[in-house]
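# Topology and contacts: notes
What follows is each chain in one-letter form.
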Amino acid sequence: MTEGRLCRLRKRIEALASDGGKFYLVCGCYGDRPVPAVDCRFESRDVARQAAALTEEYRAVLRGYDPEVPRYDIVVERSPAFDPAGASGGDGTPPEVER
C-alpha cells in the first residue's frame, strides 16, 4: 500500500537527519523547503543528496494521491550559520548550491 511506502520513505529520511547538520534541502526555484524534509538537517552533502533522492521519491508517491503536489527542483544547501564566510561566501557571490 502507498501509505506504508510513504511512512517508510519518511522514516528513512528522518534516519539520515542530524540535529547538528550543516546541510538542508530546498527548492532551487522557489526557495521552499520540501515535505517531508522541511525540518531536517544533514551532516554531509552526500547524506543530504541521499535524502534529496528519497524526498523526490516520497513526493512522486504523494503526487499519486494529489496531482497538485508541487514539483520541486530539490537542491542541497549549506546553512549560512555554518559558513564562516557568511551566506555570500564573503565576496558577494551566492552560497554554493548542489543540484
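Located above this text is the structure these notes cover.
The structure contained in this document is the topic of the report that follows. Keep in mind that this is a model prediction, so the values were computed, not measured.

About the thresholds
- Residues numbered from 1 in each chain as written.
- Predicted model: local features only at pLDDT ≥ 70, side-chain atom pairs only at ≥ 80, totals over all residues.
- Heavy atoms only, no water.
- Helix = DSSP H or I, 4+ residues; strand = E, 2+ residues; numbered from the N terminus.
- Buried < 20%, exposed > 50% of the residue type's maximum accessible area, 1.4 Å probe, protein only.
- Contact = heavy atoms within 4.5 Å.
- Areas by Shrake-Rupley, 256 points an atom, 1.4 Å probe, with all protein chains shown as cover.
- Core = buried A, V, L, I, M, F, W, Y, C linked by side-chain atoms within 4.5 Å.

Attention shifts here to the overall build of the chain. Within the chain one finds two helices and three strands. Going residue by residue from the N terminus, the α and β elements of the chain occur as α-β-α-β-β. Per-residue burial for the chain yields a buried fraction of 31% across its 99 residues. Within the chain, counting contacts between residues at least 6 apart in sequence, those at least 24 apart form 56% of the total. With the model as given, the accessible surface of the chain reaches about 6,000 Å², and the carbon-plus-sulfur share is 49%.

Moving on, we get to the nonpolar core. Judged by nonpolar contacts, the single largest core of 18 residues is most densely connected at Ile13, Leu25, Phe42 and Ala48. Within the residue set of this core, elements represented by two or more residues are α1 (2-16), β1 (23-27), α2 (45-65) and β2 (74-78). In terms of residue count, the dominant contributor to this core is α2 (six residues). Excluding its chain neighbours within four sequence positions, the residues that come into contact with leucine 25 are Arg33, Pro34, Ala37, Phe42, Ala48, Ala51, Ala52, Thr55, Ile74, Val75 and Val76.

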